[in-house]
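# Chains, contacts and geometry: an overview
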Amino acid sequence: MQVVRRGDDGPVVSEIRDKLGRLGLLSARLDSAGYDQAVEHAVREFQQDRGLRVDGVVGPETYRALDEARWQLGDRSLSYAVNHPYVGDDVAALQQRLLEMGFDPGRCDGRFGPQTEEALREFQRNVGLLTDGILGPTTLAALQRLRRTVTGGSASERREEEKLLRGSIAPAGRRVVLDPGHGGDDLGACAHDLAESDVAYDLATRIEGRLGALGIDTLLTRGPDSAPDDEDRARFANDTGADLLVSLHTDAALSAGPNGVATYYYGATLRGRHVRSVVGERLATLIQRELVARTDLLDCRTHPKAWTLLRLTRMPAVRVDAGYVTAAGDARRLADPEFRDTVAEAVVAAIQRLFLPEDRDIPTGQFRMPALTG
Ligand SMILES: [Zn+2]
């Protein structure tokens, strides 16, 4: 491929913008298109994270890395394809999780080779699944459930969990910061007579009331008309010493088709190592689960992102994109106060669950795990 740099335009540039957007490195702005300063900055950030040469230019190496980075665990099923091995961040995440549980997938190189297959079979054998060496939905679910109860994770992850569980086990006395997205002149996405900033603020106040009733101290990052930037919001949350932050947004797309709810938590690859907020991921999973169970919004799953707010906040933080204002069905739901109450209840239920001391959906001892290394 030719090298793409600042000032360039065309379909390749759109593709690069799209990929950076999916990685949370570039916000989707409808008013810009080319390889501008924001794209160059995002490319540099990406190169820095991946340990590539940092030049802000997309050559073959950066392009390949961008392509591999778009895959997240669960996006596709994985197996050992001899002629065309699966390569991507999802494979690296799988290898990482197998390693954490004491299996040996070889190097965490993001390439699904024979050793990764062998480790996956070994895992399947251990948990009583069909040993086909394929990471499909069943194996993925087992992998995600077990990892949480089995691994201690890194020191920083353990610290985060300890902090969450310290002191009283009841929700009362906790402090939660709610972050309604956008605000002021920034209306966020607007469609079907809805402004994202209004929906987000209204959801925040509905959640605030319910959390208050549980004795949880709840703070909002903004008033109905102010619009702090993400760094200000993160600083505010950090200064309050909150236990959690929940950011509220709605999604939007250029076409009317995309719809559904997704929840995001902090996760990134830094110099080849995957880092993530364990508690953030857990809260995101709980919120997503409650929302999908209580509404008929499409399940767009949970995803790790390195967005500014998620990155700069020191407490576990999640962002909920509760439906697309650009999708007629989602917009109709979002306009309905009863639906907003349901969304608020789902978020509150998830927070309550998170604060319960033992939220284990697998009885201890049901699965036989290999001896952990070390
Ligand atoms: Zn938004």
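Every chain's residues receive numbers from 1 upward, in the order its sequence appears when written. The predicted origin of the model limits local features to residues at a pLDDT of at least 70 and limits the giving and counting of side-chain atom pairs to 80 or more, whereas totals for whole chains, interfaces and linings rest on all residues. Derived side-chain values reflect all non-hydrogen atoms in the structure, with water molecules and hydrogen atoms excluded from consideration.

## Points about the overall build of the protein chain
Segments assigned H or I by DSSP are reported as helices when at least four residues long, segments assigned E as strands when at least two residues long, and all are numbered from the N terminus. Within the protein chain one finds 13 helices and 9 strands. Throughout, exposure labels follow a simple rule: accessible area from a 1.4 Å probe, protein chains only, divided by the maximum for the residue type, with under 20% read as buried, over 50% as exposed, and the rest as partly exposed. Here the protein chain holds 374 residues, and the buried ones make up 48% of them. Surface accessibility of the protein chain: about 17600 Å² in total, with carbon and sulfur atoms responsible for 49%. Here, Shrake-Rupley sampling with a 1.4 Å probe gives the accessible areas, and only protein chains in the shown set may cover a residue.

## A closer look at the packing of helix α8 (residues 196-213) against helix α13 (residues 337-355)
Structural elements are reduced to axes, namely lines fitted to C-alpha atoms, with helices fitted over the stretch in contact, and the angle between N-to-C directions of any two is expressed from 0 to 180 degrees. The contact between α8 and α13 brings their axes to 9 Å, and the two run at 55 degrees. Here α8 is positioned oblique relative to α13, judged by the angle of their axes. As α8 packs across α13, the resulting crossing turns out to be right-handed. Contacts between α8 and α13 involve Val 199, Asp 202, Leu 203, Arg 206, Ile 207, Arg 210 and Leu 211 on the former and, on the latter, Pro 337, Arg 340, Asp 341, Val 343, Ala 344, Glu 345, Val 347, Val 348 and Ile 351. Each residue is assigned to one class: nonpolar for Ala, Val, Leu, Ile, Met, Phe, Trp, Tyr, Cys and Pro, charged for Asp, Glu, Lys and Arg, and polar for all the others, Gly among them. By residue class, the composition of the contact of α8 with α13 is 10 nonpolar, no polar and 6 charged. For classification, angles of less than 35 degrees are called roughly parallel, those exceeding 145 degrees roughly antiparallel, those between 65 and 115 degrees roughly perpendicular, and all remaining angles oblique. When the near helix sits turned anticlockwise from the far one by under a right angle, the crossing is termed left-handed; a clockwise turn instead gives a right-handed crossing. Any two residues having at least one pair of non-hydrogen atoms within 4.5 Å are treated as being in contact.

## A word on the pattern of salt bridges
Any Lys or Arg side-chain nitrogen found within 4 Å of a carboxyl oxygen on Asp or Glu counts as a salt bridge. Scanning the entire structure with this criterion turns up 28 salt bridges. Residue Arg 311 is joined to Glu 45 by a salt bridge in which the shortest nitrogen-to-oxygen separation is 3.4 Å. Remark: Glu 45 occurs in helix α2 (residues 37-50) and Arg 311 occurs in helix α11 (residues 308-312); sequence separation between them is 266 residues. The partly exposed category is assigned to Arg 311, whose relative accessible area is 38%. We classify Glu 45 as partly exposed; its relative accessible area is 23%. With its nearest N and O atoms 2.8 Å apart, the salt bridge here joins Arg 340 to Asp 202.

## What about the side chain of Asp 321?
As for its position among the elements, Asp 321 is in strand β9 (residues 317-324). Sequence-distant contacts of Asp 321, that is, excluding residues within four places in its chain, are made with His 249, Thr 250, Asp 251, Gly 260, Val 261, Ala 262 and Tyr 264.

## Focus: the pairing of strand β5 (residues 244-251)
Summarising burial for β5: 8 of the 8 residues are buried, a large majority. Think of it this way: DSSP has to see at least two bridges between two strands before they count as a pair. Pairing geometry for strand β1 (residues 175-180) and β5, over 5 bridges, is parallel. Of the residues in β5, the one forming a bridge with Asp 179 is Ser 247.

## Digging into helix α4 (residues 89-100)
Helix span, as expected, comes to 1.5 Å for every residue beyond the first. Across its 12 residues, α4 extends 16 Å between first and last C-alpha, which sits within 8% of the 16 Å expected from 1.5 Å per residue. Within α4, 9 of the 12 residues are buried, leaving the element largely enclosed by the surrounding structure.

## Quick word on the nonpolar core
Ranked by internal contacts, the top residues of the largest apolar core, which has 41 residues, are Ile 207, Val 246, Leu 283, Ile 287 and Ile 351. Those elements that place two or more of their residues in this core are β1, α8, β5, β6 (261-270), α10 (278-294), β9, α12 (328-334) and α13. Here this core takes 10 residues from α13, the largest share from any one element. Ile 207 has contacts with Leu 178, Leu 248, Ala 344, Val 347 and Val 348, leaving out every residue within four places of it along the chain. Counting 17 residues, the second-largest nonpolar core is a separate cluster that includes Tyr 35, Val 43, Val 58 and Leu 66. Among buried residues, those of type Ala, Val, Leu, Ile, Met, Phe, Trp, Tyr and Cys that are joined through side-chain atoms within 4.5 Å constitute a nonpolar core.

## A short note on helix α5 (residues 114-126)
Every α-helix carries 3.6 residues per turn, so stepping three or four residues along brings you back to the same face. Helix length check: α5, at 13 residues, gives a terminal C-alpha distance of 18 Å against a target of 18 Å (1.5 Å per residue), a fit within 8%. Along α5, the residues that are buried comprise Thr 116, Glu 117, Ala 119, Leu 120, Phe 123 and Gln 124. All buried residues of α5 project into a common sector of 165 degrees when viewed along the axis, lining one side. One or two steps after α5, the chain reaches Gly 128, where phi turns positive at roughly 75 degrees. Relevant arc is that of directions from the helix axis to the C-beta atoms, nothing else.

## With respect to the side chain of Glu 281
Following the sequence through the fold, Glu 281 ends up in helix α10. In this structure the side chain of Glu 281 is engaged in a polar contact, spanning 3.3 Å, whose partner is the side chain of Tyr 265. Polar contacts, as used here, are pairs of N or O atoms within 3.5 Å; protein pairs need one atom able to donate a hydrogen and one able to accept it. Residues neighboring in sequence count only if both atoms are side-chain atoms.

## Observations concerning the packing of α2 against helix α3 (residues 60-69)
In contact at an axis separation of 11 Å, α2 and α3 are set at 80 degrees when each is read in the N-to-C sense. For the element pair α2 / α3, the angle class is roughly perpendicular. Of the residues in α3, those touching α2 at Val 43, Phe 46, Gln 47 and Arg 50 are Thr 62, Ala 65, Leu 66 and Ala 69. Along the lines of polarity and charge, the residues of the contact of α2 with α3 split into 5 nonpolar, 2 polar and 1 charged.

## A closer look at the confidence of the model for the protein chain
Per-residue confidence from the predictor is given as pLDDT, running between 0 and 100. On average, residues of the protein chain carry a pLDDT of 84, and 85% of them reach 70 or more. Low pLDDT, under 50, characterises residues 148-153; the stretch is placed with 11 contacts to residues that sit more than four places away or in other chains. Of the regions scoring below 50 in pLDDT, residues 358-374 engages in 27 contacts with residues more than four places distant in sequence or in other chains.

## Observations concerning the packing of aromatic side chains
Aromatic rings from Phe, Tyr and Trp, taking only the six-membered ring of Trp, are treated as a pair when their centres fall within 6.5 Å; an angle between ring planes under 30 degrees marks them as stacked, one over 60 as edge-to-face, and anything in between as tilted. Applying the stated criterion to the full structure yields 1 aromatic pair. Cation placement over rings: the criterion is NZ of Lys or CZ of Arg within 6 Å of the ring centroid and within 35° of the ring normal. Across the ring face of Trp 71, the terminal group of Arg 76 is positioned such that the distance to the ring centre comes to 3.9 Å. Over the ring of Trp 307 we find Arg 319, and its NZ or CZ is 4.4 Å from the ring centre.

## Examining the environment of Glu 345
Within the element layout of this structure, Glu 345 appears in helix α13. When the C-alpha positions of Glu 345 and Arg 210 are compared, they lie 7.7 Å apart, and in sequence the two are 135 residues distant. Here Glu 345 is in contact with Arg 210 and Arg 294, once residues within four sequence places are set aside.

## Some thoughts on unusual backbone geometry
Phi is positive for His 182, which is not a glycine, with a value near 60 degrees. Relative to the helices and strands, His 182 is located in the loop between β1 and β2 (190-191). Here His 182 falls in the buried class, since its relative accessible area comes to 19%. Phi angles above zero are rare outside glycine, and Arg 301 is one such case at about 65 degrees. Structurally, Arg 301 is set in strand β8 (residues 299-305).

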